[in-house]
Amino acid sequence: MLEGLKCETEVSPYTKRTKKTDFELREHARIKRRYLQHFENDAEVNVAMEEDIRKELFKLFRLEFGKSPEVIASAPGRINLIGEHTDYNEGFVLPIAIDRRTYTAAGRRGGKLFIAYSKELSKKTSFEIFPGRFEHSNFWVNYIKGACSLLSDLKSIEGTNFAIGSTVPRGSGLSSSAAYVVSIIEAVSYLYDIRLKDIEIPVLAQRIENEFVGVQSGIMDPFVAKFAQAENAVLVDTRSLDYEYVPVPPDCSILVCVTGIKRALATTEYNKRRQQCQEAVDSLSGLLGRSLNSLRDVNIDELKGLEREMDRVLYMRALHILTENDRALKAASALKKDNRDLVGKLMLESHMSLRTNYEVSSPELDAFVEIGEQLEGVYGARMTGAGFGGSAICLVDASAEEPLATEIERRYKERGYENGSVFIARSGGGSTIERM
Ligand code: GLA
């Protein structure tokens, strides 16, 4: 239905420079040399870091619980290349899992008591899941409670020990919570021999976030945490849950630009956007005189024809969703043809629409995009994830990834954003289970 739609975008205020001066080229080479002295091979550094945390967690589990875990499950964080805020509108998304993961070491203890140790928080807490009371002071425990109570509808679950550790930066829009909850579901279903179909895992994870944690998030994050494949993006139709792997060209890299800012109202605003999309569906159903399930059931010409009759805000929200679906599909086919310039252009258009029509960007995210767009070797830049702070991404020429990462971070900090950082993300695979 969305094929052939015109892409609705603003003209970019960011102009891309294509030619560099000799001075800039020398400077580029100098920064690259300096950077490489520190980091011989970023991929090796990341692999070592993941292996360390896994080993450390194993030791911590033994220390805290006096015996070895029976299983260590893990799931990745993600970036989303394009297709933002479309997943709760039955639309298209194109995420890529990154090589930062959350690990859950677990073992049965029997009885009713559950004990969990969080490596990041250096905190140990015990609880019962029946009745599954919401814990305000131990927010992270609600994910475990949610997982255990929903899984116990399928099979009886007894007291369990958990040790949890992660390399996914928290509160950075990289989906640390989906990585966490998927790793818990994998660990608990392994321990109690609950045989879930693969697709049931992200569906359950989404229910946990919606029903136990209070975030009305969509399916994208747990879906990619379960199904990701290294070196590929996953094009997901969130209506049918059909998906397709789309290879990322090996000479392209992704830089994750962490703003260092998390807006206090992020969850409230996120839930509000979801509510506004539902209101747009109701309004369009009335105006079109047919019943609509979601914004996916409207086409762009119909929407535009009703611009004057709709509430302005609802119109802008719907406009973002319909054009973003179109961009996600176009970006997936451009990626397949290795047309990285087109992918980059669509990324920028996506950012502009998220900023203006959907109003979920922030000055920090805009700064990263503006900086990225000015540098040669950057194909595209945009915010990723829910927005309101968090992270932006840049799709870049792999041969210039290190100097670009350094330069983007430097320019961002120069604007007074001291807490920002940029790292090179390698793609990762979906969730794993390691029996001990
Ligand atoms: C968060 C949610 C996802 C998705 C994105 C925005 O990451 O968890 O379901 O809605 O925001 O695209």
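Quick note: structure is the one above.
Below, the structure is looked at part by part. (Residues numbered from 1 in each chain as written. Predicted model: local features only at pLDDT ≥ 70, side-chain atom pairs only at ≥ 80, totals over all residues.)

Now for unusual backbone geometry. A positive phi is found at Ser-175, a non-glycine position, where the angle reads about 65 degrees. Assignment of secondary structure puts Ser-175 in the loop between β6 (160-166) and α4 (176-191). On the basis of neighbour count, Ser-175 is assigned to the buried category, with 31 C-beta atoms found within 10 Å. Positive phi values are uncommon outside glycine, yet Glu-231 reaches one of about 65 degrees. Here Glu-231 lies in the loop between α6 (220-227) and β7 (232-237). (Helix = DSSP H or I, 4+ residues; strand = E, 2+ residues; numbered from the N terminus. Buried ≥ 20, exposed ≤ 12 C-beta atoms within 10 Å, placed from the backbone.)

Once that is clear, we can look at the environment of Ser-399. Of note, Ser-399 is situated in the loop between β11 (389-397) and α12 (401-414). Separated by 147 residues in sequence, Ser-399 and Cys-252 have C-alpha atoms that sit 8.2 Å apart.

The buried fraction of β11 amounts to eight of the nine residues, a majority that puts the element mostly inside the structure. Bridge count for strand β9 (residues 252-262) against β11 is eight bridges, and the pairing is antiparallel. Note on β11: the bridge partner recorded for Val-258 is Ser-391. Both strand β10 (residues 378-384) and β11 contribute to a ladder of six bridges, which runs antiparallel. If you follow Gly-380 over to β11, its bridge partner there is Leu-395. Joining the antiparallel neighbours β10 and β11 is a turn of four residues, in which Gly-385 adopts a positive phi near 85 degrees. (Pairing = 2+ DSSP bridges.)

In this model helix α10 (residues 340-356) runs 24 Å from its N-terminal to its C-terminal C-alpha over 17 residues, within 8% of the 24 Å that 1.5 Å per residue would give. Among the 17 residues that make up α10, 13 are buried, leaving the element largely enclosed by the rest of the structure. (Expected span 1.5 Å × (residues − 1).)

The immediate surroundings of the ligand are formed by Asn-80, Glu-84, His-85, Asp-87, Tyr-88, Ser-175, Ser-217, Gly-218, Met-220, Asp-221, Gly-385 and Ala-386. Among the residues making up the shell around the ligand, the classes are represented as three nonpolar, six polar and three charged. (Near = placed C-beta within 6 Å. Nonpolar A, V, L, I, M, F, W, Y, C, P; charged D, E, K, R; others polar.)

Next up on the list: the packing of helix α9 (residues 312-336) against α10. How two helices pack is summed up by the angle between their axes together with the distance between the axes. Taken N-terminus to C-terminus, the directions of α9 and α10 make an angle of 165 degrees; their axes are 9 Å apart at the nearest point. Accordingly, the angle class assigned to the pair α9 and α10 is roughly antiparallel. Read as a crossing pair, α9 and α10 show a hand that is left-handed. When α9 is examined against α10, the residues His-320, Thr-323, Glu-324, Arg-327, Lys-330, Ala-331, Ala-334 and Leu-335 are found in contact with a partner set consisting of Leu-342, Val-343, Leu-346, Glu-349, Ser-350, Ser-353 and Leu-354. Residue composition of the contact of α9 with α10, by class: seven nonpolar, four polar and four charged. (Axes fitted to C-alpha atoms, helices over the stretch in contact; angles between N-to-C directions. Parallel < 35°, antiparallel > 145°, perpendicular 65-115°, else oblique. Left-handed = near helix turned anticlockwise from the far one by under 90°. Contact = placed C-beta atoms within 7 Å.)

Turning our eyes to something else, we now look at the environment of Arg-327. Here Arg-327 shows up in helix α9. Measuring from C-alpha to C-alpha, the distance between Arg-327 and Val-343 comes to 8.9 Å, with 16 residues separating the pair along the chain.

If you trace the three strands from one edge of the open sheet to the other, you get β2-β7-β8, paired in antiparallel fashion. Single-partner strands in this sheet number two, and they are β2 (92-93) and β8 (243-247). In terms of strand pairing, β2 meets β7 through two bridges, oriented antiparallel. Bridge pairing in β7 places Val-93 opposite Val-236.

Each regular strand displays side chains that alternate between the two surfaces of the sheet. Burial runs high along β6: seven of the seven residues are buried. Residues of β6 alternate between two faces, with Thr-160, Phe-162, Ile-164 and Ser-166 on one and Asn-161, Ala-163 and Gly-165 on the opposite face, all of them buried. Relative to β6, strand β3 (residues 95-108) runs antiparallel, the two sharing seven bridges. Directly across from Gly-107, in β6, lies its bridge partner Asn-161.

Before going further, it helps to spend a moment on the sheet that holds β10. Strands sit in the order β10-β11-β9-β12 across an open sheet of four strands; the sheet is antiparallel. The open sheet has two edge strands, β10 and β12 (421-425), and neither has a second partner. Strand-to-strand twist across the sheet, computed as the mean angle between neighbouring axes with direction ignored, equals 25 degrees. Note: β9 against β12, five bridges, orientation antiparallel. Looking across to β12, one finds that Leu-255 is bridged to Ile-424. Where helix α11 (residues 363-373) meets the sheet, it contacts β9, β10 and β11, and its direction lies at approximately 175 degrees from that of β10.

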